[in-house]
Amino acid sequence: MPLYSYYHLALSYNTTTKGTHGVLLYKDLRENIDPFTSIIERLRLTPRYMSHPLLLATLIIDIAVSSCAERIWGCGRTLSSLEELTGQHGYVNVPKGDPLPIDFGMTTQQLNFVARNLAAETLRLSWVQLALTEIAGYINGIANTDSQSLRRMEEDVACSMNASGAQILRADYMVKRKKALIQVVSSDSHTLP
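Residues numbered from 1 in each chain as written. Predicted model: local features only at pLDDT ≥ 70, side-chain atom pairs only at ≥ 80, totals over all residues. Heavy atoms only, no water.

## Side note on the overall build of the chain
Then, in step 1: Counting its regular elements, the chain contains four helices and two strands.
Then, in step 2: The order of helices and strands in the chain, counted from the N terminus, is β-β-α-α-α-α.
Then, in step 3: Looking at the chain residue by residue over its 193 residues, the buried ones come to 38%.
Then, in step 4: Once local pairs closer than 6 in sequence are excluded, the contacts in the chain between residues at least 24 apart make up 68%.
Then, in step 5: Per element, the accessible surface of the chain, about 11,500 Å² overall, is 58% carbon and sulfur. (Helix = DSSP H or I, 4+ residues; strand = E, 2+ residues; numbered from the N terminus. Buried < 20%, exposed > 50% of the residue type's maximum accessible area, 1.4 Å probe, protein only. Contact = heavy atoms within 4.5 Å. Areas by Shrake-Rupley, 256 points an atom, 1.4 Å probe, with all protein chains shown as cover.)

Given below as C-alpha cells:
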C-alpha cells in the first residue's frame, strides 16, 4: 500500500536583503523519513547555486515528484499482481492464474483503488508542472543572480518538468492496464453460473 507524503511551501524573497523566507508544511507517513534532512543533504550537494532564492522550491518539487513516482510504482505493483492472478499477461516467466476462482468484488475494489490513486497522482503532478511553469517565469526575473546559478536553475526546472511529465505518462499507461483488467473482471463475473 503506498504511503502518502504532502509538501506545501510558501516562499517570500526580499530583493533588498537578498533573503528568502519560507514556510514548509509536510506530512509524511513513511517511517523515519525527515524531509528537512533530505533538503539539507540536497543543499550540501548544490553549493554552486545555493544563493538562488528559488532553490528551495525546486528541491521540494524534486521530493514531490519522487514521492509521486513511488506511489505510481506501488499502483503498478498492484496491477502486476492482479494481472498475474487473472492470467492477463504475456510473460513466460510469470505464472498465469485462473480468473474464475478470484473474488470479483475484491478485485474490482482493488482496481478502483488503483484508479483513484493514479488520478490523484496525475493531479498532483499536473500541479507540480504549474508550479514549475511559474518558477521558470521567475528565475530570470530575480536580479543579482550569477549566470551559472541561472543556468543551473533552468536546467533543474527543465529536468523536473520532464520527470513529472514522464510520471504522468506512466500513470496514463497504468490507467490503460487497469481498464483492461476491469474488462476481464466484469466479463468473467457475468460468465459464472
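## Here's the deal with the nonpolar core
Then, in step 1: By size, the foremost hydrophobic cluster in this structure holds 32 residues, and its most contacted members are Leu118, Ile135 and Ile139.
Then, in step 2: Elements supplying a minimum of two residues to this core: α2 (55-86), α3 (104-139) and α4 (147-191).
Then, in step 3: The residues touching Leu118, leaving out its near neighbours within four places in the chain, are Ile72, Cys75, Ala171, Met174 and Val175. (Core = buried A, V, L, I, M, F, W, Y, C linked by side-chain atoms within 4.5 Å.)

## Concerning the packing of α2 against α3
Then, in step 1: Interhelical geometry of α2 versus α3 gives an angle of 160 degrees and a closest axis separation of 10 Å. With respect to α3, the axis of α2 lies roughly antiparallel. For the element pair α2 and α3, the recorded crossing hand is left-handed.
Then, in step 2: For the contact of α2 with α3, the per-class residue count stands at 17 nonpolar, five polar and three charged. (Axes fitted to C-alpha atoms, helices over the stretch in contact; angles between N-to-C directions. Parallel < 35°, antiparallel > 145°, perpendicular 65-115°, else oblique. Left-handed = near helix turned anticlockwise from the far one by under 90°. Nonpolar A, V, L, I, M, F, W, Y, C, P; charged D, E, K, R; others polar.)

## Let's talk about the confidence of the model for the chain
Then, in step 1: Averaged over all residues, the pLDDT of the chain equals 79, while 78% of them reach at least 70.
Then, in step 2: Per-element averaging of pLDDT across the chain places strand β1 (residues 5-14) at the bottom with 71 and α3 at the top with 90. (pLDDT = per-residue confidence, 0-100.)

## Quick word on the pattern of salt bridges
Any two side chains of opposite charge can pair if their charged atoms end up close together.
Then, in step 1: In the structure shown here, the tally under the stated rule is six salt bridges.
Then, in step 2: A salt bridge links Arg177 to Glu83; the nearest nitrogen and oxygen atoms lie 2.9 Å apart. Of this pair, Arg177 sits in helix α4 while Glu83 sits in helix α2, and the two are 94 residues apart along the sequence. Residue Arg177 shares its accessibility class with Glu83, and that shared class is buried. (Salt bridge = Lys/Arg side-chain N within 4 Å of Asp/Glu carboxyl O.)

## A closer look at α2
Residue pairs spaced three or four apart in an α-helix point in one direction, given the helix's 3.6 residues per turn.
Then, in step 1: Taking 1.5 Å per residue, 32 residues should reach 46 Å; α2 reaches 47 Å between its end C-alpha atoms and fits that length.
Then, in step 2: Two residues or fewer after α2 comes Gly87, characterised by a positive phi angle close to 75 degrees. (Expected span 1.5 Å × (residues − 1).)

## A word on the side chain of Ser160
Then, in step 1: Inspection of the secondary structure puts Ser160 in helix α4.
Then, in step 2: Overall, Ser160 belongs to the buried group, its relative accessible area being 10%.
Then, in step 3: Excluding residues within four positions of it along the chain, Ser160 makes contact with Ile61 and Leu132.

## A short note on a nonpolar patch on the surface
Then, in step 1: On the surface, Tyr26, Phe36 and Ile40 cluster together into a nonpolar patch covering about 260 Å² of accessible area.
Then, in step 2: Here Phe36 shows up in helix α1 (residues 35-45).
Then, in step 3: For Phe36, a relative accessible area of 37% puts it in the partly exposed group. (Patch = residues over 30% accessible without salt bridge, like charges linked within 9 Å, V, L, I, M, F, W, Y side chains within 5 Å.)

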